[in-house]
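Below, each chain spelled out in residue letters.
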Amino acid sequence: MTEFLQSPELAPFAEKILEGNIAALSRAITLAESHLPHHQEFTAALMEHLSAQVTLARSFRLGITGVPGVGKSSFIESFGQLMLDHYAAIGEPSKLAVLSIDPSSQRTKGSILGDKVRMESLARRADVFIRPSPTGGVLGGVARSTRESIALCEAAGFSLIFVETVGVGQSEIAVHSLTDAMLLLLLAGAGDELQGMKRGIMEMIDFAVINKADGENKTRALLAKQMASDALHYLPKSPSGWAAATHAVSSLNGEGLSQLLHDLLEFRAFVEKTGWITRNRESQSIAWFRETAEREWWHHLESNSRFDALFKEFETAIAKRNLSPFYAAKLFLRRLKDELP
């Protein structure tokens, strides 16, 4: 990585990002998403250079998750504009980055990446950057390089970061380790009330929001809001000490969004006053280091020809039922220690 730190291209490229150049920011995220070794090395050098130039980012990161069809994109479009208009009105103009994660095909590894089209009004604003990214097969509702994308957006001057996950499932909780607050969108009248009651998800959220609370669905939405509130009452507070709030909103007509924004601003003031947001960022940085080290170590092993041969040897033994998968894993690690330098 030393050669990339000394590269004459690094400083000018980093300076463009610090100036808020969108083309440079987009290019940097593309490099972070790449699996090519030299792109990964350059990204590491770039992140190191930027970290020396930028103090603790005064940003706010909001994770937004919910089942497919709940209206995450329409919610982000309405709520994002409301939030930006609020900060502009109080004399604190802000920029919003929306990192939208799309599921990748297990067969082709491709992704539709259509969220920018669905957020048409938001995308036209000069103070908004929308970046769809594929999961690349990573579980947890986020992409492999989401942490890097967040840091790059903050270096480019974006003070509000929305991370939209692919959708709620049993493992869709990784976004919690990337953000300052977590918002779960629910949809009334479609059986999703029970989906939202999964303890693992409910224990991590700061806001439970029933979307599409308008028209004939409004009564059902208010009932779902009460159900969510009752469920949260029996769960412990989040690590921040904040008691999760429930809301019923309409992304279509804006009803309920102002109250949600009010509570979100209260949450931000609360975690900044208690110092939890700083402690949480420190924990997230350590998690980032561990995840990156594990990924790099695995890539290092995969590049070793002996490792590849040994791996295939055990795969063949398992396929022929000569070894059980559990015992094979244990034996594989023992052989790995003995045979690899």
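Residues numbered from 1 in each chain as written. Predicted model: local features only at pLDDT ≥ 70, side-chain atom pairs only at ≥ 80, totals over all residues. Heavy atoms only, no water.

Asker: I'd like a rundown of the overall build of the protein, residues and numbers included.
Answerer: Counting its regular elements, the protein contains 15 helices and seven strands. For the protein, the residues scored as buried account for 46% of the 341 residues in total. A total accessible area of about 17500 Å² is found for the protein, and carbon and sulfur atoms account for 56% of it. (Helix = DSSP H or I, 4+ residues; strand = E, 2+ residues; numbered from the N terminus. Buried < 20%, exposed > 50% of the residue type's maximum accessible area, 1.4 Å probe, protein only. Areas by Shrake-Rupley, 256 points an atom, 1.4 Å probe, with all protein chains shown as cover.)

Asker: A description of the nonpolar core should follow, citing residues and the corresponding values.
Answerer: Core analysis: the biggest nonpolar cluster contains 43 residues, and I17, L46, L152 and C153 have the highest contact counts within it. Not counting residues up to four positions away in its chain, the partners in contact with I17 are A24, L25, A28, L46, L50, L152, A155 and A156. Residues F162, W242, W276 and I277 belong to the second largest nonpolar core, which totals 36 residues. (Core = buried A, V, L, I, M, F, W, Y, C linked by side-chain atoms within 4.5 Å. Contact = heavy atoms within 4.5 Å.)

Asker: Summarise helix α3 (residues 22–33); cite the residues concerned and give the values.
Answerer: Because the α-helix completes a turn every 3.6 residues, residues three or four places apart line up on one side. Here α3 is twelve residues long and its end C-alpha atoms lie 16 Å apart, about the 16 Å a rise of 1.5 Å per residue gives. Of all the residues in α3, the buried ones are A24, L25, A28, I29, L31 and A32. Looking down the long axis of α3, one finds its buried residues gathered within 160° of arc, a one-sided arrangement. Where the residues of α3 are buried, they touch α2 (10–18), α4 (37–53), β3 (128–134) and α8 (146–155). Between a side-chain oxygen at the N-terminus of α3 and the backbone nitrogen of A23 the separation is 3.0 Å; the capping residue is N21. (Expected span 1.5 Å × (residues − 1). Arc of directions from axis to C-beta. Polar contact = N/O pair within 3.5 Å; in protein donor to acceptor, adjacent residues only side chain to side chain.)

Asker: Could you give an account of the pattern of salt bridges, with specific residues and numbers?
Answerer: On inspection of all chains with the given rule, the structure shows twelve salt bridges. For R61, the salt bridge is made with E154, and the minimal N-O distance between the two is 2.8 Å. Of the two residues, R61 is situated in strand β1 (residues 60–66) and E154 in helix α8; the sequence distance between them amounts to 93 residues. The salt bridge partner of R268 is E272, with a shortest N-O separation of 3.2 Å. (Salt bridge = Lys/Arg side-chain N within 4 Å of Asp/Glu carboxyl O.)

Asker: Which residues make up the side chain of N211, and what are the values?
Answerer: Summarising the element assignment, N211 is placed in strand β6 (residues 207–211). Judged by its relative accessible area of 0%, N211 is buried. A distance of 3.0 Å separates a polar atom in the side chain of N211 from a polar atom in the side chain of S251.

Asker: Tell me what's going on with unusual backbone geometry, and back it up with residues and numbers.
Answerer: You will see that K212, though not glycine, has its phi angle at about 60°, which is positive. For K212, the location among the structural elements is in the loop between β6 and α11 (218–233). Despite not being glycine, R321 has its phi angle at roughly 65°, a positive value. For R321, the location among the structural elements is in the loop between α14 (305–319) and α15 (325–339). Look at R321 and you get exposed, because its relative accessible area is 77%.

Asker: Can you lay out the packing of α2 against α3 for me, pointing to particular residues and giving the numbers?
Answerer: Two numbers describe how α2 lies on α3: the axes approach to 8 Å, and their chain directions differ by 120°. Where α2 approaches α3, its residues F13, K16 and I17 are matched on the opposing element by A24, L25, R27, A28 and L31. Looking at the contact of α2 with α3 residue by residue, the classes come out as six nonpolar, no polar and two charged. (Axes fitted to C-alpha atoms, helices over the stretch in contact; angles between N-to-C directions. Nonpolar A, V, L, I, M, F, W, Y, C, P; charged D, E, K, R; others polar.)

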